[in-house]
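Survey of secondary and tertiary structure
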Amino acid sequence: VGRGGELAAASITEVHPPTAFVYMPRDTTFASKASVGAVVQALADTGVPAKAWPVGPHPVNADSLSAGLEQVGCAVDDASVAKFCDTLRDLGLLAEDG
């Protein structure tokens, strides 16, 4: 799926690896339910296993991000995570309350 949600089906072949999509349906500028569904279907039509999971809004703060990273085996220091969250806030990508 391209940034505008367009389908790049021409690049899908039977040697494409199994594919998973985790997407936010509210973010229609990148991956709407329809665009992700079209790609999953194009993959399936070519015999490539594919699955999609929509996810809803979830507050993000330094503590929750650190905990999530630890759960997947990625240890980062708290100061770095806090700075990352501050940067996301500064860019307008994260609300003050997460």
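Here's a quick rundown of the structure. Quick caveat: nothing in here was measured; it's all calculated off a predicted structure.

1. A few points about the packing of helix α2 (residues 62-71) against helix α3 (residues 78-90)
- One way to put it is that α2 packs onto α3 with a least axis distance of 9 Å and a crossing angle of 125°. The orientation of α2 relative to α3 falls into the category oblique. Of the two possible hands of crossing, α2 and α3 adopt the one that is right-handed. Contact residues: Ala62, Leu65, Ser66 and Leu69 in α2; Asp78, Val81, Ala82, Phe84 and Cys85 in α3.
- A breakdown of the residues in the contact of α2 with α3 according to their chemical character gives seven nonpolar, one polar and one charged.

2. Digging into the side chain of threonine 19
- With respect to the helices, strands and loops of the structure, threonine 19 is situated in strand β1 (residues 19-23).
- By relative accessible area, which is 18% here, threonine 19 ends up buried.
- From its side chain, threonine 19 meets the backbone oxygen of proline 17 in a polar contact 2.8 Å long.
- Contacts of threonine 19, omitting those with residues within four sequence positions, involve Leu43, Val48, Pro49, Ala50 and Lys51.

3. Here we look at a nonpolar patch on the surface
- On the surface, a nonpolar cluster with roughly 390 Å² of combined accessible area is contributed by Val22, Met24, Trp53 and Val55.
- Residue placement: valine 55 occurs in the loop between β2 (50-54) and α2.

4. Digging into the environment of valine 60
- Residue placement: valine 60 occurs in the loop between β2 and α2.
- Since its relative accessible area comes to 25%, valine 60 is described here as partly exposed.
- Through-space distance from the C-alpha of valine 60 to that of alanine 95 is 8.7 Å; in sequence the pair is 35 residues apart.
- Beyond its immediate chain neighbours, meaning those up to four positions away, valine 60 contacts Leu65, Cys85, Leu94 and Gly98.

Thresholds, definitions, all that
- Residues numbered from 1 in each chain as written.
- Predicted model: local features only at pLDDT ≥ 70, side-chain atom pairs only at ≥ 80, totals over all residues.
- Heavy atoms only, no water.
- Axes fitted to C-alpha atoms, helices over the stretch in contact; angles between N-to-C directions.
- Helix = DSSP H or I, 4+ residues; strand = E, 2+ residues; numbered from the N terminus.
- Parallel < 35°, antiparallel > 145°, perpendicular 65-115°, else oblique.
- Left-handed = near helix turned anticlockwise from the far one by under 90°.
- Contact = heavy atoms within 4.5 Å.
- Nonpolar A, V, L, I, M, F, W, Y, C, P; charged D, E, K, R; others polar.
- Buried < 20%, exposed > 50% of the residue type's maximum accessible area, 1.4 Å probe, protein only.
- Polar contact = N/O pair within 3.5 Å; in protein donor to acceptor, adjacent residues only side chain to side chain.
- Patch = residues over 30% accessible without salt bridge, like charges linked within 9 Å, V, L, I, M, F, W, Y side chains within 5 Å.
- Areas by Shrake-Rupley, 256 points an atom, 1.4 Å probe, with all protein chains shown as cover.
- Salt bridge = Lys/Arg side-chain N within 4 Å of Asp/Glu carboxyl O.

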